[in-house]
Amino acid sequence: DTLIVVAVDGPAGSGKSSVSKAVAKKLGYAYLDSGAAYRAFAWYVVQRGIDVQDEPAVIRLLADFDYRIGTDPDGYAVFVGEHEVTQAIRDPEVTATVRYVSRVPEVRSHLVELFRRIIRSADAPGIVVEGRDITTVVAPDAPVRLLLTAEEHVRMGRRSAEITTQTASTVAEQLRSRDRADSRVVDFMNAADGVTTVDSTDLDFDQTVNAVIEVIHSHT
Ligand code: C5P
């Protein structure tokens, strides 16, 4: 049987990680969070004492970047070499610096190849892959391609409810600034040709999961 690839893109705070994970779990599919790899690479650059804005040095580190994950949506864990970085990659410092590495074309092409290898080796009937350029670059031929969106105030509200260590206005400003920076590199605010938009503005979590599963069923 052929592997069913479900490509999900969307902005920060759209709920795409939690929704994608829940969808994968319900369908018995594997799960790949591409943002976690960009975050882990940013963590690694900082950990190695390299200035994130020193592009040649950042590019040289790619060869040593030993990224390892399990694709089970339950207990998704991220390792760089022997370091478990599952929590560390969510730190505000990583969130603030990831844009400097994710904008570098060599970093992107290296990680795109990594994602394609992970997808090919998935040991499940399908895999849900989420990020910013999955529908357009990583898996443009996927049978199911989705853009998960929500109005900005809703995304801000959801994200600030998750992050309790910072004020709502700090979280909102950081989210807006990150989306602005990321949008200059890849367009994840508009659905590409053939990509189905799921707008979760007026949906709760379970309704969003069900809406995504409906789209998957109608395409497979
Ligand atoms: O999805 P998440 O917010 O964890 O992604 C972290 C960062 O990784 C994004 O802000 C973006 O800079 C980068 N990213 C990317 N392409 C992807 C996924 C994430 O550039 N497909």
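Keep in mind that what you see is a predicted model, and the values were worked out from it rather than measured.

A. Structural view of the UniProt feature "domain: Cytidylate kinase" (unreviewed entry) in the protein. Mapped onto the present numbering, the UniProt feature "domain: Cytidylate kinase" (unreviewed entry) falls at residues 6-217. Overall, residues 6-217 shows 50% helix and 15% strand. The separation of its end C-alpha atoms is 11 Å.

B. Looking closely at empty space enclosed by the protein. In this structure the tally under the stated criterion is one cavity of 30 Å³ or more. Approximately 30 Å³ is the volume attributed to the largest cavity. What lines the largest cavity is simply Val 8, Val 19, Ser 20, Val 23, Val 128, Leu 148 and Val 212. In terms of residue class, the lining of the largest cavity is made up of six nonpolar, one polar and no charged.

C. Inspection of helix 5 (residues 105-120) at higher detail. Relative to the 22 Å expected for 16 residues at 1.5 Å per residue, helix 5 spans 23 Å between its end C-alpha atoms, a close match to the ideal helical length. Within helix 5, the full set of buried residues consists of Val 107, Arg 108, Leu 111, Val 112, Leu 114, Phe 115, Ile 118 and Ile 119. What you see down the axis of helix 5 is that its buried residues fit within an arc of 165 degrees, all on one side. Along helix 5, the residues that are exposed and aim more than 90 degrees away from the buried face are Pro 105 and Arg 120.

D. Broad picture of the pattern of salt bridges. Evaluation of the coordinates by the stated rule reveals twelve salt bridges. Salt-bridge contacts for Lys 16 lead to Glu 130; the nearest nitrogen and oxygen are separated by 3.9 Å. Within this pair, whereas Lys 16 is found in helix 1 (residues 16-27), its partner Glu 130 is found in strand 6 (residues 126-131), the two being separated by 114 residues in sequence. When sorted by exposure, Lys 16 lands in the same class as Glu 130, which is buried. Here Arg 176 makes a salt bridge to Glu 173, at a shortest N to O gap of 3.0 Å. Pair noted here: Arg 176 and Glu 173 are both in helix 8 (residues 168-183), with a separation of three residues, about one helical turn. Residues joined in a network through salt bridges with shared partners are Glu 152, Glu 173, Arg 176 and Arg 180.

E. Main features of the sheet that holds strand 5 (residues 83-84). On the basis of which strands lie adjacent, the open sheet formed by three strands has the order 3-4-5 and antiparallel pairing. The open sheet has two edge strands with one neighbour each: strand 3 (67-69) and strand 5.

F. Quick peek at the environment of Gly 194. On the secondary structure map, Gly 194 appears in the loop between helix 8 and strand 8 (196-199). Separated by 19 residues in the primary sequence, Gly 194 and Leu 175 place their C-alpha atoms 27 Å from one another.

G. Just the layout of surface pockets, in detail. In this structure, the largest pocket spans a volume of roughly 1,200 Å³. Along the walls of the largest pocket sit 50 residues, with Ser 17, Arg 39, Arg 90, Arg 159 and Arg 178 positioned nearest its centre. Breaking the lining of the largest pocket down by element, the ones donating at least two residues are helix 1, strand 2 (30-33), helix 2 (34-47), helix 4 (92-102), strand 6, helix 7 (152-162), helix 8 and helix 9 (205-219). In terms of residue class, the lining of the largest pocket is made up of 18 nonpolar, 17 polar and 15 charged.

H. Geometry of the UniProt feature "binding site: ATP" (unreviewed entry) in the protein. UniProt's entry tags Gly 10, Pro 11, Ala 12, Gly 13, Ser 14, Gly 15, Lys 16, Ser 17 and Ser 18 with the feature "binding site: ATP" (unreviewed entry), counted in the numbering of this structure. If you take the residues mentioned a moment ago, the ones lining the largest pocket come down to Pro 11, Ala 12, Gly 13, Ser 14, Gly 15, Lys 16, Ser 17 and Ser 18. Relative to the assigned elements, Pro 11 resides in the loop between strand 1 (4-9) and helix 1. The class for Pro 11 is buried, based on a relative accessible area of 2%. Apart from residues lying up to four places away in sequence, Pro 11 is in contact with Lys 16, Leu 148, Arg 155, Asp 179, Phe 188 and Met 189. Excluding residues that lie within four positions of it along the chain, Lys 16 makes contacts with Val 8, Asp 9, Gly 10, Pro 11, Glu 130, Gly 131, Arg 132 and Leu 148.

So, how was this worked out
Residues numbered from 1 in each chain as written. Predicted model: local features only at pLDDT ≥ 70, side-chain atom pairs only at ≥ 80, totals over all residues. Heavy atoms only, no water. UniProt positions renumbered as here; feature names shortened; annotations may be inferred. Helix = DSSP H or I, 4+ residues; strand = E, 2+ residues; numbered from the N terminus. 1 Å grid on protein atoms, 1.4 Å probe; cavity = no way out; pocket = protein on both sides within 12 Å on 5 of 7 lines; lining within 4 Å. Points joined across faces, edges and corners; volume = space filled by probe spheres on them. Nonpolar A, V, L, I, M, F, W, Y, C, P; charged D, E, K, R; others polar. Expected span 1.5 Å × (residues − 1). Buried < 20%, exposed > 50% of the residue type's maximum accessible area, 1.4 Å probe, protein only. Arc of directions from axis to C-beta. Salt bridge = Lys/Arg side-chain N within 4 Å of Asp/Glu carboxyl O. Pairing = 2+ DSSP bridges. Contact = heavy atoms within 4.5 Å.

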